[in-house]
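# Working through the structure, step by step
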Amino acid sequence: QSFTGEDVVEFHCHGSRAVIQGLMTTLGKYARVAERGEFTQRAFASGKLDLLAVEALADLLTADTQLQRQQALRQLDGRLSNLYDSWRKRLTKGLAHAEAVIDFGDDEHLGDEAEDEFQTMDYDGAQENVWGAVGESMTALAAEMKRHLADDRRGELVRTGLKVAIIGPPNAGKSSLFNILAQRDAAIVSPIEGTTRDVLELTLDLGGVRCTLSDTAGVRQETEDMIEREGIKRARSAAEQADILVAMIDGTDIHSGITAITDVLPGPDIISRLLLVINKLDLVHTEGNTEQLLKIGSNVLGIPHNGTFILSCETSEGFDEFLSALTDRVLTRVETPDSLVGGDESALITRARHRQHVEAAVSALERFSKLSGQGSMVVDMAAEELRLTVSELGRITGAVDVEDVLDVLFADFCIGK
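Residues numbered from 1 in each chain as written. Predicted model: local features only at pLDDT ≥ 70, side-chain atom pairs only at ≥ 80, totals over all residues. Heavy atoms only, no water.

### A closer look at the environment of Ile270
- Counting through the fold element by element, Ile270 comes out in the loop between helix H11 (254–264) and strand S5 (274–279).
- With a relative accessible area of 0%, Ile270 lands in the buried category.
- The spatial distance from the C-alpha of Ile270 to the C-alpha of Ala242 is 9.3 Å, given a sequence separation of 28 residues. (Helix = DSSP H or I, 4+ residues; strand = E, 2+ residues; numbered from the N terminus. Buried < 20%, exposed > 50% of the residue type's maximum accessible area, 1.4 Å probe, protein only.)

### Quick look at the pairing of strand S2 (residues 200–206)
- Of the pairings in the sheet, the one linking S2 to strand S3 (residues 209–215) comprises 7 bridges and is antiparallel in character. When the bridges of S3 are listed, Leu202 appears paired with Leu213.
- In textbook terms, the turn of a hairpin is the stretch between consecutive antiparallel strands, and for S2 and S3 this stretch comprises 2 residues, one of which, Gly207, has a positive phi near 65°. (Pairing = 2+ DSSP bridges.)

### Considerations on helix H7 (residues 133–149)
- Taking 1.5 Å of rise per residue, 17 residues should cover 24 Å, and H7 covers 25 Å from first to last C-alpha, within 8% of that figure.
- Here H7 has its buried residues at Ala133, Val134, Gly135, Ser137, Met138, Leu141, Ala142, Met145, His148 and Leu149. (Expected span 1.5 Å × (residues − 1).)

### Quick notes on a nonpolar patch on the surface
- On the surface, Ile20, Met24 and Val33 cluster together into a nonpolar patch covering about 270 Å² of accessible area.
- Tracing the backbone shows Val33 in the loop between helix H1 (17–27) and helix H2 (38–45). (Patch = residues over 30% accessible without salt bridge, like charges linked within 9 Å, V, L, I, M, F, W, Y side chains within 5 Å. Areas by Shrake-Rupley, 256 points an atom, 1.4 Å probe, with all protein chains shown as cover. Salt bridge = Lys/Arg side-chain N within 4 Å of Asp/Glu carboxyl O.)

### Things to note about unusual backbone geometry
- With a phi close to 60°, Gln183 is a non-glycine residue in the positive phi region.
- Mapped onto the secondary structure, Gln183 falls in the loop between helix H9 (174–182) and S2.
- Positive phi is not limited to glycine here, since Ser316 has a value of about 70°.
- When you line up the elements, Ser316 lands in the loop between strand S6 (308–310) and helix H14 (319–334).

The values are spatial; any link to function lies outside them.
This is the structure:
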């Protein structure tokens, strides 16, 4: 019944330092202080937790936002483990069929007593195709795995957080916007161009999603300052790595601003992740001028009309509308698309390790599909691909070869967990 599956003794004492020290001194004669993550490691060793549950517990202990907490609890509850275990059971049935064919030959009728989907063929059908319904089931399973992979890294983004980068020319107001979002003076603001030389980062909670916000050096095409050139290089790198890009320009100098951000944009695919912010509304606001400015994003950059915002970092006018849109964009990035609803949309991949093993499992099933159509001469080779698939899924849950993963994972646990 205990967390570790072992017998446990609990001591409840007063909380003064002297009492605790006396208790620890006495217990030290018979026991030792646990290592980092040792209780969780014992729970894993005794089968109380699988590797996915251990990872979920680690994520729960470090969760900064509500979505991170909820996702960790769903994984700890076994939703992801149940999905992978169900896949392994289906693969095991296919392997049982393969072993029977290998041991007894493809001329044996294997379906007299079976009632599952793999044993529904008649004798003639078994002769024509030694794999029978197994091939169809494995094709369907591969399709399920591919849908599972087509999640646009949503689970991973919730766990690690989205990267939001602010780019633009010098003195466009990037650091001012950075400070407003941070609600503190996190970056130095100065009328001198090139004040920000490095990438500054802070963590935000936007709609329950952890976001890493980056303030970057002002980008321009020419500069003789070596340090500024390095800052611009890092700004480009931040733009390439960003999940959401906020391009900021000075409303009093639209042309040079558009030229600067166009030069630094990673490519045309960034448009769907781009928000254009035109700053210094307090200096350019006139009736009719606002509408013209809002059209700049769609006319010049191809951004949807609702992706362009005009605000003033000086007066904060227009900021609430921008923050609401930024939060909506963040939530859209991590929400489950309609194409995935219908399966267990809560069972999302949360780590790159999971994705690598599922991708390897899909590749093995695709090789199996090719081999299974070549008759009984290659049945052992096809069966080996099923074994590899089972092995890859086992590595996710911890059933196969996970010592290296455990060493890294438990090193991040705190004492007492």
